[in-house]
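# Structure at a glance
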Amino acid sequence: MSTSEPGRGVSTDAVGHAYPRLEGREKVTGTARYAVEYPVDGITYGWAVPSAVVRGRITRVDTSEALASPGVLAVLHHGNAPRLAPGPEPELWLLQDPAVHYRGQYVAVVVATSLEAAREGARLVRIDYDAAPHSTVLTDDHPGLYQPDHVNPSYPTDTAEGDFDAGYAAAPVRVDATYRTPAYHNNPMEPHATTAQWRDGRLLVHDSNQGASSVRGTLAELFEVSPEAVRVVTEHVGGGFGSKGYAKAAVVLTALAARHVDRPVKLALTRQQLFGPVGYRTPTIQRVRLAADADGRLTAICHDAISQTSTIREFAEQTAVYTRSMYAAPHRRTTHRLVRLDVPTPFWMRAPGECPGAYALESAMDELAIAVGIDPVELRIRNDTEVDPDQGRPFTSRNLVACLREGAQRFGWTDRDPTPRARRDGRWLIGTGVAGSSYPARARPSSARATARPDGSFLVQINATDIGTGARTAIWQVAADALGVPPERVEIHVGDSDLPTAPVAGGSMGTASWSWAVIRAAQALREKLREGVPPDGEVSATADTTDEVGGQPALPRYAYGAQFAEIRVDADTGEVRLNRMLGVFAAGRVVNPTTARSQLIGGMTMGLSMALHEEGLLDERYGDWVNHDLATYHITGCADVESIEAHWLDERDDELNPAGVKGIGEIGIVGAAAAIANAVHHATGVRVRDLPIRLDKLVGVSAMA
Ligand code: MOS
């Protein structure tokens, strides 16, 4: 089928088709190269040494035993490492001073001729510390609670509209509940890993990150070289989920080590070393108060969120921002408070803010539905709004209600008996739950280049990053349509900072941002081709969308979804199992159904994991997560996912960007945990308000009221 976008002259033959990933064959045959898989002559191996204390100073580093160990070339630490410029990211100012700010901070790197020798050398490094007292546990009465100036990325910290206290006090139906979420740890399949080589003052790194342009800029600043002297290659990346959104410790340590030993160095963090220092989802304590009239129309909403940051950098997660725009009410208030703890700085993890925030609000909506005696799907439909309650402007498109209706129909919600514990199958109590979902649909400026070659083929170049999502394939499809040629005639190059600058794969903005630049470059190329072809037959055009993206009217723009879950709970042991999960999303145009589905069910699965399995357990005595490996930090596995379906509406929204996409990397996780928690309540009559819903919180549920 062929359609066209009026006024844009862009045909859409390739967009919408389920092309297999361009790099699929390379990946399944093992020829795709990740950051530490490039063969390099004279390679050496780095091994990071984490601090053994939480807070304090290093008083002595004894490297003699390590240096005497076979194969060890060097031990870098604050006393001998190359100097870095103090940059905007204090976390990356590594091996520069003896201060220790959190347990697990990388305080030394051993470089050796083999991986085994480096690891053994790391074991032999002796470090003495002068340890200071620490505080590492978030509580709602922590003396260090404060109000940050803004929350990520630049939202107001608190908002207020109407008079919440009066509105709440006057309402006939009220819910006041506090929800807690633990630390969640990003565990991409490929750890943070880098190969670094210095040649003639130039730095080449093959690195696992979500945006090589930004990493190049950070390295240039830290090592005080021009950005042109740094090249960052990210040809294939094995996942990031936000933790690789910026330059992180591994790339800095590896570049430092390579400069120090004057040889190429490979360094991959171990699985255990990822737990904390690469960033994690902050724990949260969230109080939600909802008030409604007897018909379930919200009159007052308040969401007070508490989360943590480190002592070296402020990371103020926007936990309650979801609540500002999701449902309407005349009286509304949101607040954020932070505590600086002696912990690694929290960082992005899939839908940072929206994901934990939606867990709280969408759980509270379920509690309200019960309090007011209205079906939870209907309650959400009744409180829908075409105007963003926060900004007072209409949404570019808002299909929450359509998602709820289609989801209810597909899931088989209609005949649901709302009574808790109404369904039982032998020892299993069965329940169903629903939650709304939304995620901002933004875009960032990007550049791209399109080239027509004499043989009739085209080359499209953009420093986009395919972190495993299929982004490379999606922009190739967009490029083909924009060029007006079959995709087979288009070659696409991504993942290299020498290509035209592009923003990170993050915030569900990748495809929107990159497509925009690719479409503009293709249009510019077509213009040029109309003017004629030079004798060598090659014509190139570059586009930069900075002005166009920056000049966009700031209309509220979001993707929406409805999450449905059916679970069963063992009445005696409290074990929770998922029967099925179904999501319906409205996320603009879907470029590639195969990769889109994979993103959506991936997000939903991660939400299941958040609800039932994942939990960073911190031991205050050591200031460290005790379950810092995949044997003890539980992640949903295939056997936990019996049935999971993602569907989407055919949504057209021409206000967004030339490709009409809203982004799908994060919407799938938002609301998923609430749908499961709500289903657990429906099954058991027990409301678990602190994730994860472990069996000990439900054990003996058969005897509970
Ligand atoms: Mo995502 S947490 O924006 O990489």
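What comes next concerns the included structure.

Definitions and limits used
Residues numbered from 1 in each chain as written. Predicted model: local features only at pLDDT ≥ 70, side-chain atom pairs only at ≥ 80, totals over all residues. Heavy atoms only, no water. Core = buried A, V, L, I, M, F, W, Y, C linked by side-chain atoms within 4.5 Å. Buried < 20%, exposed > 50% of the residue type's maximum accessible area, 1.4 Å probe, protein only. Helix = DSSP H or I, 4+ residues; strand = E, 2+ residues; numbered from the N terminus. Contact = heavy atoms within 4.5 Å. Salt bridge = Lys/Arg side-chain N within 4 Å of Asp/Glu carboxyl O. Polar contact = N/O pair within 3.5 Å; in protein donor to acceptor, adjacent residues only side chain to side chain. Axes fitted to C-alpha atoms, helices over the stretch in contact; angles between N-to-C directions. Parallel < 35°, antiparallel > 145°, perpendicular 65-115°, else oblique. Left-handed = near helix turned anticlockwise from the far one by under 90°. Expected span 1.5 Å × (residues − 1). Pairing = 2+ DSSP bridges. Nonpolar A, V, L, I, M, F, W, Y, C, P; charged D, E, K, R; others polar.

### Things to note about the nonpolar core
With 91 residues, the main nonpolar core has L290, F564, I567, M581, I693 and L698 as its most contacted residues. Examining the composition of this core, we find that 10 residues originate from one element, helix α9 (residues 354–372), more than from any other. Contacts of F564, omitting those with residues within four sequence positions, involve V377, L404, G407, A408, F411, W413, G433, V434, R580, M581, L582 and A675.

### A look at the pattern of salt bridges
Evaluated as defined, the whole model comprises 44 salt bridges. Here D304 makes a salt bridge to R289, at a shortest N to O gap of 3.1 Å. One end of the pair, D304, is in strand β20 (residues 298–310); the other, R289, is in strand β19 (residues 284–292), with 15 residues separating them in the sequence.

### Here's the deal with the environment of D375
Following the sequence through the fold, D375 ends up in the loop between α9 and α10 (376–382). Distance in space between the C-alpha atoms of D375 and P191 is 44 Å, their sequence separation being 184 residues. Contact partners of D375, with chain neighbours within four places excluded, come to A369 and W413. At 2.9 Å, the side chain of D375 forms a polar contact with the backbone nitrogen of V377. Here the side chain of D375 touches W413 through a polar contact of 2.9 Å, side chain to side chain.

### A look at the packing of helix α12 (residues 471–483) against helix α13 (residues 510–531)
Remark: α12 packs on α13, axes separated minimally by 9 Å, with the N-to-C direction vectors making an angle of 30°. Classified by the interaxial angle, the pair formed by α12 and α13 is roughly parallel. For the crossing formed where α12 meets α13, the hand is right-handed. Residue-level inspection shows A471, I475, V478, A479, D481, A482 and L483 of α12 in contact with α13, the latter providing W514, S515, V518, I519, A522, L525 and R526.

### What to know about helix α5 (residues 212–223)
Helix length check: α5, at 12 residues, gives a terminal C-alpha distance of 16 Å against a target of 16 Å (1.5 Å per residue), a fit within 8%. Among all positions in α5, only A212, S213, V215, R216, T218, L219, A220, L222 and F223 are buried. Buried residues in α5 make contact with β14 (193–199), β15 (202–207), β16 (230–233) and α6 (249–261). Directly after α5, the chain includes E224, whose backbone phi takes a positive value near 50°.

### Quick word on the sheet that holds strand β24 (residues 447–452)
With respect to topology, 4 strands assemble into an open sheet ordered β26-β25-β24-β27, the strand pairing being mixed. A strand with exactly one partner marks an edge of an open sheet, and here the two such strands are β26 (490–493) and β27 (539–544). Averaged over all adjacent pairs, the angle separating strand axes in this sheet is 15°, with direction ignored. The pairing of strand β25 (residues 458–461) with β26 spans 4 bridges and is parallel. Considered in β26, the bridge of L459 is made with E491. Set on the sheet, α12 makes contact with β25 and β26; between it and β26 the angle comes to about 135°.

### Considerations on the packing of helix α15 (residues 593–612) against helix α16 (residues 672–684)
Between α15 and α16, whose axes approach to 7 Å, the crossing angle comes to 50°. Taken together, the axis directions place α15 and α16 in an arrangement best described as oblique. For the crossing formed where α15 meets α16, the hand is right-handed. Residues M604, G607, L608, M610, A611 and L612 of α15 form the contact with α16, whose participating residues are A672, A673 and I676. Residues that form the contact of α15 with α16 fall into these classes: 8 nonpolar, 1 polar and no charged.

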